[in-house]
Amino acid sequence: MTDSSLDAAALRRRTRQFLAAHPPATTDRLDFLRARFDAGLAWVHYPEGLGGLGAPRSLQTVVDAELQAAGAPDNDPRRIGIGLGMAAPTVLRYGTEEQKRRYLRPLWTGEEVWCQLFSEPGAGSDLAALGTRAVRDGDDWVVNGQKVWTSSAHVARWAILIARTDPDVPKHRGITYFICDMTDPGVEVRPLRQITGEAEFNEVFLTDVRIPDARRLGEVGDGWRVAQTTLMNERVSIGGMALPREGGMIGKVAQTWRERPELRTHDLHQRLLKLWVEAEVARLTGERLRQQLVAGQPGPEGSGMKLAFARLNQEISGLEVELRGAEGLLYDDWTMRRPELVDFTGRDAGYRYLRAKGNSIEGGTSEVLLNIVAERVLGLPAEPRTDKDVAWKDLAR
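Parameters at a glance
Residues numbered from 1 in each chain as written. Predicted model: local features only at pLDDT ≥ 70, side-chain atom pairs only at ≥ 80, totals over all residues. Heavy atoms only, no water. Helix = DSSP H or I, 4+ residues; strand = E, 2+ residues; numbered from the N terminus. Axes fitted to C-alpha atoms, helices over the stretch in contact; angles between N-to-C directions. Left-handed = near helix turned anticlockwise from the far one by under 90°. Contact = heavy atoms within 4.5 Å. Nonpolar A, V, L, I, M, F, W, Y, C, P; charged D, E, K, R; others polar. Buried < 20%, exposed > 50% of the residue type's maximum accessible area, 1.4 Å probe, protein only. Phe/Tyr/Trp six-rings, centres within 6.5 Å; stacked < 30°, edge-to-face > 60°. Lys NZ or Arg CZ within 6 Å of the ring centre and 35° of its normal. Salt bridge = Lys/Arg side-chain N within 4 Å of Asp/Glu carboxyl O.

Let's talk about the environment of G302
Moving on, step 1. Checked against the element boundaries, G302 lands in helix α9 (residues 301-324).
Moving on, step 2. With 67 residues separating them along the chain, G302 and L369 place their C-alpha atoms 9.4 Å apart.

Quick look at the structure:
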């Protein structure tokens, strides 16, 4: 439901009144963010009391513009992207009222970081084949298993987790969705060092972790449907992020091209023009996709955006290394670190080239996303499935 009485002018007045009562220059950052959430100016399309006003999603830009002009602090969205882009929409759609009120405010203010416990060593691309088990024990679920490629697990307080609760039914039907406390006994986070030298990702081992049933999202056995909300939002948040013209990687290459004429060749010029146009098309398509979200939940179209994002990042970063010649082969720092966020534009060309290799894996592999686009967007015949009606316990592993 939306508040039809709120138009851009009314929301602008409301935001200015809020700023007058909470001047950014003299208000503590966290106090400001908490007050902004309570005033319904965090995400205006959410319900009242949950950071929003039930207003049209398109009006968020009105609020953001007023706050930015006033020098207001933001919630550091890159650091808490998993919470904002994946956990919050899922909690909003499937959570109880108690869960929404407990988790959404500290999630949005950045007081509590979230991570995503989905992928497993034996179930990455085929996520529904996951083997982490959750067994009911009174009012708790006892969870055992291993997750992998978990961004931010080393700084996260909460995790969205899917686990198998019924091995006697086909793999998509025996999964349940939970909220896991990363500080609980039995949760072990180990760094997973990448080709960049950093350990931005982690392995997470779950040993007899007890999760109260009160932290279950959705019905028992309905976790795959709940997870689709997370995954669709994830692909939009990765592939459809808001960027200005020449934002992201294409901006770094274009800047080098303009500032370093001695590096230019005709072939590189043609490739740069082609990629510049493709990046601009992807940016505008992402804007259209975000506008479509005003009408409801994200659909499979976000998979196409994520596909384009991965391909473009890899091609653009490759062109940047070639453009820079020998200096493109240099690398700034191989130090083992565990960063809180990915900074594609804050490092050198070598980092961007190496880190972009992961774009076609994280958030759904490009191969799986091609299937989603083919079957659910283009309506092509589905691939033959031999495991569709077979109990998970009987699948070959």
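After presenting the structure, the write-up continues.
Side note on the packing of helix α1 (residues 8-21) against helix α3 (residues 60-69)
Moving on, step 1. For the pair α1 and α3, the least separation of the axes is 9 Å and the interaxial angle reads 35 degrees. α1 and α3 meet at a crossing whose hand is right-handed. Residue-level contacts link A8, L11, R12, T15, R16 and L19 of α1 to V62, V63, E66 and L67 of α3.
Moving on, step 2. Looking at the contact of α1 with α3, its residues break down into six nonpolar, one polar and three charged.

Side note on helix α11 (residues 366-377)
Moving on, step 1. What α11 keeps buried is the set S366, L369, I372, V373 and A374.
Moving on, step 2. A positive backbone phi angle near 75 degrees is found at G379, which sits one or two residues after α11.

What to know about the packing of aromatic side chains
For any pair of aromatic rings, geometry is given as the distance between the ring centres together with the angle between the planes.
Moving on, step 1. With the rule as written, the count across this model stands at 10 aromatic pairs.
Moving on, step 2. Here the aromatic rings of W114 and W158 are separated by 6.3 Å at their centres, their planes lie at 35 degrees, and the arrangement is tilted. Within this pair, whereas W114 is found in strand β1 (residues 114-117), its partner W158 is found in strand β4 (residues 158-164), the two being separated by 44 residues in sequence. For the pair shown, W114 and W158 are each scored as buried.
Moving on, step 3. Every member of this aromatic cluster is reached through a ring pair, and the members are Y103, W114 and W158.
Moving on, step 4. Against the face of F205 rests R190, its NZ or CZ located 3.9 Å from the ring centre.

What to know about the pattern of salt bridges
Moving on, step 1. Applying the stated criterion to the full structure yields 43 salt bridges.
Moving on, step 2. E112 is the partner of R102 in a salt bridge, and the nearest nitrogen-oxygen pair spans 2.9 Å. Here R102 is found in helix α5 (residues 97-109), whereas its partner E112 is found in the loop between α5 and β1, with 10 residues between them in sequence.
Moving on, step 3. When the shortest N-O distance is used, the salt bridge between E278 and K274 registers 2.8 Å. Here E278 pairs with K274, and both are found in helix α8 (residues 266-292), just four residues apart, close to one helical turn.
Moving on, step 4. Here the salt bridges share partners, and the residues they tie into one network are R260, E262, E320, R324, E327 and R352.

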